[in-house]
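# Per-entry structural report
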Amino acid sequence: MVYGDAKFPQVTAHPGVAGGHTMERLTGEDTNDASKDFVDQPNPTPGGLLFGPDALVDKIPKSDLKDNVLIVKEPETGVVSPVTVIGCYQSGDVSALASSGVSSVFLIVGKNIDGQLIVSAGDRPLLADALDQLANKAIPILSIESKELVPAVDQLLTERSLTDVHIVSSNPEIVRAMREKNDEYRGAILDGVDELDLAKQKQLVKTVRASKSNVLILPYDRVNAEVARYFRLRGITVWAIEKAGTVQHHDLVSMGVRGIISAQPETVLSALAAYPTETLTQPPIVYAHRGIPSKKPENTMYSFQEAIDLGADIVETDIHKTKDGKLVLIHDFDLERTTNGTGKVKDYTLAELRALVANKQDPENPDWYQPEITDARIPTLDELLEAAKGKAVLDLEAKSIGYEREIIEAIEAHDMVEDVILCSFSSEVLNRFAALNPEVGLGYVLSGSKPETKKDQYAEKLVTDAIQLNAQYFLDQAILTPELARYAKHRGLPLGVYTVNENAQIEEALRTGVSGVVTDYAQRLLTAPIRVDAPQSSLELTAGEVKPLEAIIDYRVAEDQLAPARIRLIDNHDAAVEVAADGKSLIAKKAGTAKVQLSVEVPSGGKTWKMVTTVIEVKVN
């Protein structure tokens, strides 16, 4: 059979098999289309013939490409990869809300006196009827706060073969129970915490992961840019609930939340339509691939420390186990490419590996070589955990199977569970990590190629594979399609892509809507701003006054800067102000109030983008 990037005349290739999976035949005939003749199997069929006179017919696998895949609407806007707009049902026709342009509909589930499942709002329609009205239009988001509803909700969804659904609850046990009923359901934790300090944020990371959720839902007044970014770096998507009749959605857009739940979604959609093109609300997470190998020897403490000092969001590395059971950080199974040693890593003790110099010129990247560094060594996992604690999130890839417990114990010993994402190409390895500590983050690494056909169906399959593992994705950029990015975004699944080194690749990744880029040149992205802020939330002017406005540009490490900003009127029903011809000054016309938003053009990945602030309330006396 033909798969991946392989080519054969008149044969359509299968996109490829995931790590830990097998490729199995679906039919006894060749159609010259491997994507139809074979299926990627997470649980291989035991030995035996599937076709022919002695075939085990009952063992023939079924294709996991679904015929009916829901593709929801994207908001019309100039925002790059805009937020998911979620309509909260209040009253009236569920179908009308589903057809209003939203991607999802939030339904609060309850029971009537007859014991039937209902939507606890408006006319209290039967949940079955509401789901029927949402079919092929919008994604159901079901809020459940009673454990006794779990069996009935699962039964109703099963009867409709409906798995493209989010289960929401403030009770993690309810979400986990639904996920254990069917691991294709997605989970979301609803938290109305009064104070979201760092200790609470850390606990929420663990709670969301342990409940097998990928989304955290917060009320508007508990979200800011720092909070959204904190969870995003740890593989958790933040959705926020806005208060109806406000302009909070503009603030939420600027903060970088990925979903807005609104009882008036038409106002959110209308607001998004007014944003100018090239507006970037979520600069990419920067994964320092093996540290910064373009500046320091890869997978050494020199490289890791360089990444940490430059403010890398996440430091990525690879873990092997030595002959004497120690955990070391090196990418290859062999020593030749990066050290002056020979042979397999697993055949050496830690002491023997530490005697090697881990700074060898890479023939593929000779300009990276730093000959003055003569004492670079293969580091241990403990060394990196100690150096990164409180400074960077770690993305740790297990290169083999069988030492999951040792990795978990090391992370726990350094009290870094919430700050680590454990990755693998193997679903079996990820399942082992989850069994040992469900509070650790997981990342599913996938290589392969883009599908030539059925792109929406493959998008659904890939997203479902990750959801079943409760993992985010790290994809070879060759796999990424706009269809996959959109499908994943509306289901709250973060996508990281590797290895992205050229500006054109970075721009493509940003436009497609990935959450992060894994790069050998982290230094090129780490100098870009992470957001722009309004210097104040309110402003008081006197009629006739002309006020130039500035925004604060926030960086990872460098000092913040004030920069002249362009002004956009959000609300000016009193006609209290005008924007000057240069677009950067506000003219106070008469007594009244107004709301404005600032934008600044900033560089990222070799291109200039617009970034926006939260709303400023203006009062003219």
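Residues numbered from 1 in each chain as written. Predicted model: local features only at pLDDT ≥ 70, side-chain atom pairs only at ≥ 80, totals over all residues. Heavy atoms only, no water.

## A closer look at the sheet that holds strand β28 (residues 585-588)
As a reminder, the rule being used: Here, any two strands with at least 2 DSSP bridges between them count as paired. Put simply, DSSP H or I for four residues or longer makes a helix, DSSP E for two residues or longer makes a strand, and each gets a number counted from the N terminus. A fitted line through C-alpha atoms serves as each axis, taken over the contacting stretch for helices, and the angle formed by two N-to-C directions is quoted from 0 to 180°.
Read from one edge to the other, the open sheet built from three strands follows the order β23-β28-β27, with strand pairing classed as antiparallel. Looking at the sheet topology across the chains shown, the edges are occupied by β23 (546-548) and β27 (577-579). Averaged over all adjacent pairs, the angle separating strand axes in this sheet is 25°, with direction ignored. Relative to β28, β27 is paired through three bridges, and the arrangement is antiparallel. Its bridge partner lying in β28, E578 is registered against I587.

## What to know about helix α3 (residues 127-134)
Short version of the rule: Here the term buried applies to any residue with accessible area under 20% of the maximum for its type, exposed to any over 50%, and partly exposed to those in between, with areas from a 1.4 Å probe on protein chains only. Working note: the arc is built from the helix axis to C-beta atom directions. We call two residues contacting when some pair of their heavy atoms lies within 4.5 Å.
When α3 is considered as a whole, its buried residues turn out to be L127, A128, A130, L131 and L134. Seen from one end, α3 has its buried residues packed into an arc of 160°, which puts them on one side. On the buried face of α3, the contacting elements are α2 (94-98), β4 (104-111), β5 (117-119), β6 (139-143) and α4 (150-159). Positive backbone phi, approximately 65°, marks N136, located one or two places after α3.

## With respect to the pattern of salt bridges
A side chain of one charge can pair with a side chain of the opposite charge if their charged atoms are brought near each other. Convention followed: Whenever a carboxyl oxygen of Asp or Glu lies within 4 Å of a side-chain nitrogen of Lys or Arg, that contact is scored as a salt bridge.
Within the structure shown, the criterion is met by 36 salt bridges. E428 serves as the salt-bridge partner of R432, at 3.1 Å between the closest nitrogen and oxygen. Remark: E428 and R432 occur in helix α14 (residues 427-436); sequence separation between them is four residues, near one turn of the helix. Relative accessible area serves as the criterion here: at 38%, E428 is assigned to the partly exposed category. With its nearest N and O atoms 3.1 Å apart, the salt bridge here joins D554 to R531. Highlighted residues: D554 in strand β24 (residues 550-554) and R531 in strand β21 (residues 531-533), separated in sequence by 23 residues. Taking the relative accessible area as the measure of exposure, D554 reaches 4% and is therefore buried.

## As for the packing of helix α15 (residues 455-469) against helix α16 (residues 482-490)
We apply this condition: If an angle is under 35 degrees, it is roughly parallel; if it is over 145, roughly antiparallel; if it lies from 65 to 115, roughly perpendicular; otherwise it is oblique. By convention the crossing between two helices is left-handed if the near helix lies anticlockwise of the far one by an angle smaller than a right angle, and right-handed if it lies clockwise.
At a minimum axis distance of 8 Å, the contact between α15 and α16 shows a crossing angle of 45°. Comparing their axes, α16 and α15 come out oblique. The way α15 lies across α16 gives a crossing that is right-handed. Only E483, L484, Y487 and A488 of α16 make contact with α15, whose side of the interface consists of K455, D456, A459, E460, L462 and V463.

## Comments concerning the packing of aromatic side chains
Test applied: A pair of aromatic rings is counted whenever rings of Phe, Tyr or Trp (Trp by its six-membered ring) have centres within 6.5 Å, and the orientation is called stacked for planes under 30 degrees apart, edge-to-face for over 60 and tilted otherwise. Lysine NZ or arginine CZ positioned within 6 Å of the ring centre and within 35 degrees of the ring normal marks a charge as sitting over the ring.
Scanning all chains against the criterion turns up four aromatic pairs. With a centroid separation of 5.6 Å and an interplanar angle of 15°, the aromatic rings of Y444 and Y473 are classed as stacked. Of this pair, Y444 sits in strand β17 (residues 441-446) while Y473 sits in strand β18 (residues 472-476); the two residues are 29 residues apart in sequence, bridging distant segments of the chain. For the residue pair Y444 and Y473, the accessibility class agrees, reading buried in each case. If you follow R491 out to its NZ or CZ, it ends over the ring of Y487, 3.5 Å from the centre. If you follow R568 out to its NZ or CZ, it ends over the ring of Y275, 4.3 Å from the centre.

## What about the pairing of strand β19 (residues 495-498)?
Note the following rule: Every crossover in which the path from the first strand over the helix to the second runs clockwise, viewed with the strands pointing away from the viewer, is termed right-handed.
Along β19, one buried face is formed by L495 and V497 and the opposite face, lined by G496 and Y498, is buried too. Pairing analysis gives four bridges linking β18 to β19, with the strands arranged parallel. By the bridge assignment, D476 is partnered in β19 with Y498. Considered for its hand, the β-α-β crossover made up of β18, α16 and β19 is right-handed. Pairing analysis gives two bridges linking β19 to strand β20 (residues 516-519), with the strands arranged parallel. Bridge pairing in β20 links G496 to G516. Once the chain exits β19 it traverses helix α17 (residues 503-512) before rejoining the sheet at β20, and the crossover so formed is right-handed.

## Description of the nonpolar core
We apply this condition: What is meant by a nonpolar core is a set of buried Ala, Val, Leu, Ile, Met, Phe, Trp, Tyr and Cys residues, joined one to another through side-chain atoms within 4.5 Å.
Among the nonpolar cores identified, the biggest contains 67 residues, and I407 and L422 are the most heavily contacted of them. Per-element accounting of this core gives the leading share, six residues, to α15. Look past the residues within four positions of I407 in its chain and what remains in contact with it is I319, L327, L381, A398, L422 and F433. Within the second largest apolar cluster, 61 residues are counted, among which are V102, A130, V153 and L252.

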